[in-house]
Amino acid sequence: MDRSHRDQPGMSPIIAPADAASRRAAKPTIVYPAGTMPGPDLAALEQARRTMVKTHELTVPPRDARTFRVARGQFFRIVSIDGPQVGDLNLWNAEDLSERFFSGKTRALHGTHVGIGDRLWSNMPYLRPMATISHDTLGWYGFDEDGAGIHDVIGTRCDPYTNLLLNGTAYDFSCHSNLSRALAAELEMEPRAIEHHVHDVLNVFMCTGFTRDTHQYFMKASPVRPGDFIEFLAEIDLLGALSACPGGDCSATHSSDAAACHALKIEIFEPDRTTLKDWSWPSPSAYHRRHGGHAQG
Ligand SMILES: [Zn+2]
């Protein structure tokens, strides 16, 4: 946030207490430490992906989105084909759109950016892995000098409402609109009737972080190049939607037609299912959902 407004004349001063330094020196605690939740069997995952055969592929045109279906146990890849391009991914339970990807909890569980072995979790009351990342050719990137990483679960998606708020113009090909059109086509409905199903995304291939001084969300040119891909195991039957962001490589702008924009490819693979015979497929959370509201005793 830009905090300069807090220092304007006439604002009540904020005075640090005498023990401010010692209060600040409290040690951080990881909220969800590694090892407290069940991790995927990476060796089994690797064995399965070595047997897989491509069964389907589709292209997502620039500044547009497409839906795709993946059965539990299949793998899917998002592939860079023509040039550096960021993708905005939504996932739903193929049988129930009320179960969908939960970017915020995925961030809390795994961190601001996701990679091999991390899960994409669904919302409450389901809260289970929808997909597990099985490969990522950009796994070498890590965090750079600016603190930026790849595939964030920080950003929400570019959308026409924020654009209108900030720029006063209507732009129809931001990721929210692209995802809404694609889902509307899938469901044979109007975008405005289904856009509430579109949710915070996984920012595929996007290179982002928080500035060190003001902690503002920033983006920089994606290091993705044609041939790079991120790959997932579907943990449940999925309906997915992917938007090729109008920001292109997201080096400068989005929510306009200014950036160079490229297509993305989605590939779906079938593995030898015997390699996954011991895989523990996730059920919805077993929490009883009474929330303390039931009679005692
Ligand atoms: Zn976008």
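Residues numbered from 1 in each chain as written. Predicted model: local features only at pLDDT ≥ 70, side-chain atom pairs only at ≥ 80, totals over all residues. Heavy atoms only, no water.

1. Looking at the coordination of the zinc ion
The criterion, for reference: Sites may look incomplete because water is not among the atoms; the donors themselves are N, O and S atoms within 2.8 Å of the metal, or within 3.2 Å for Na, K and Ca. Secondary structure follows DSSP: runs of H or I at least 4 residues long count as helices, runs of E at least 2 residues long count as strands, and numbering of each begins at the N terminus. Using a 1.4 Å probe on the protein chains alone, a residue whose accessible area is under 20% of its type maximum counts as buried, one over 50% counts as exposed, and one in between counts as partly exposed.
Those protein atoms acting as donors to the zinc ion are Cys-158 (SG), Cys-175 (SG) and Cys-245 (SG), and they sit at 2.2 to 2.3 Å. All donors of the zinc ion come from a single chain, and their spacing in sequence reads C-x16-C-x69-C. With Cys-158 in the loop between β8 (149-152) and α4 (160-167) and Cys-245 in the loop between β12 (238-244) and β13 (264-270), the pair connects residues that are 87 residues apart, well separated along the chain. Just as Cys-158 is buried, Cys-245 falls in that class too.

2. Observations regarding the packing of aromatic side chains
Geometry of an aromatic ring pair is reported as the spacing of the ring centres plus the angle between the planes. Test applied: Side-chain rings of Phe, Tyr and Trp, where Trp is taken by its six-membered ring, are said to pair if the distance between their centres is within 6.5 Å; with planes under 30 degrees apart they count as stacked, over 60 as edge-to-face, and otherwise as tilted. Sitting over a ring, as applied to charges here, requires NZ of Lys or CZ of Arg to be within 6 Å of the ring centre and within 35 degrees of the ring normal.
If you walk through the whole model with that rule in mind, you get six aromatic pairs. Residues Phe-210 and Tyr-217 carry aromatic rings whose centres are separated by 6.2 Å and whose planes lie at 45° to one another, so their mutual orientation is tilted. By relative accessible area, Phe-210 is classed as partly exposed at 35%. Residue Tyr-217 is classed as partly exposed on the basis of its relative accessible area of 37%. Members of the aromatic cluster, connected to one another through ring pairs, are Phe-68, Phe-76 and Phe-232. Between Arg-77 and the ring centre of Phe-229, over which it is positioned, the NZ or CZ distance is 3.8 Å.

3. Thoughts on the environment of Gly-39
Note on placement: Gly-39 falls in the loop between α1 (20-24) and α2 (42-51). Put simply, Gly-39 and Leu-183 are 144 residues apart on the chain and 31 Å apart in space, counted from C-alpha to C-alpha.

4. Structural notes on the sheet that holds strand β7 (residues 129-136)
Keep this limit in mind: In short, DSSP must find at least two bridges between two strands for them to pair. In this analysis, axes come from line fits to C-alpha atoms, helices being fitted only over the stretch in contact, and the angle between any two N-to-C directions falls in the range 0 to 180 degrees.
Ordered by their spatial adjacency, six strands build an open sheet running β1-β13-β3-β11-β7-β6, and the pairing between neighbours is antiparallel. Looking at strand neighbours, the two that pair on one side only are β1 (53-60) and β6 (119-121), the edges of this open sheet. The average undirected angle you get between the axes of adjacent strands in this sheet is 25°. In terms of strand pairing, strand β3 (residues 75-80) meets strand β11 (residues 229-234) through five bridges, oriented antiparallel.

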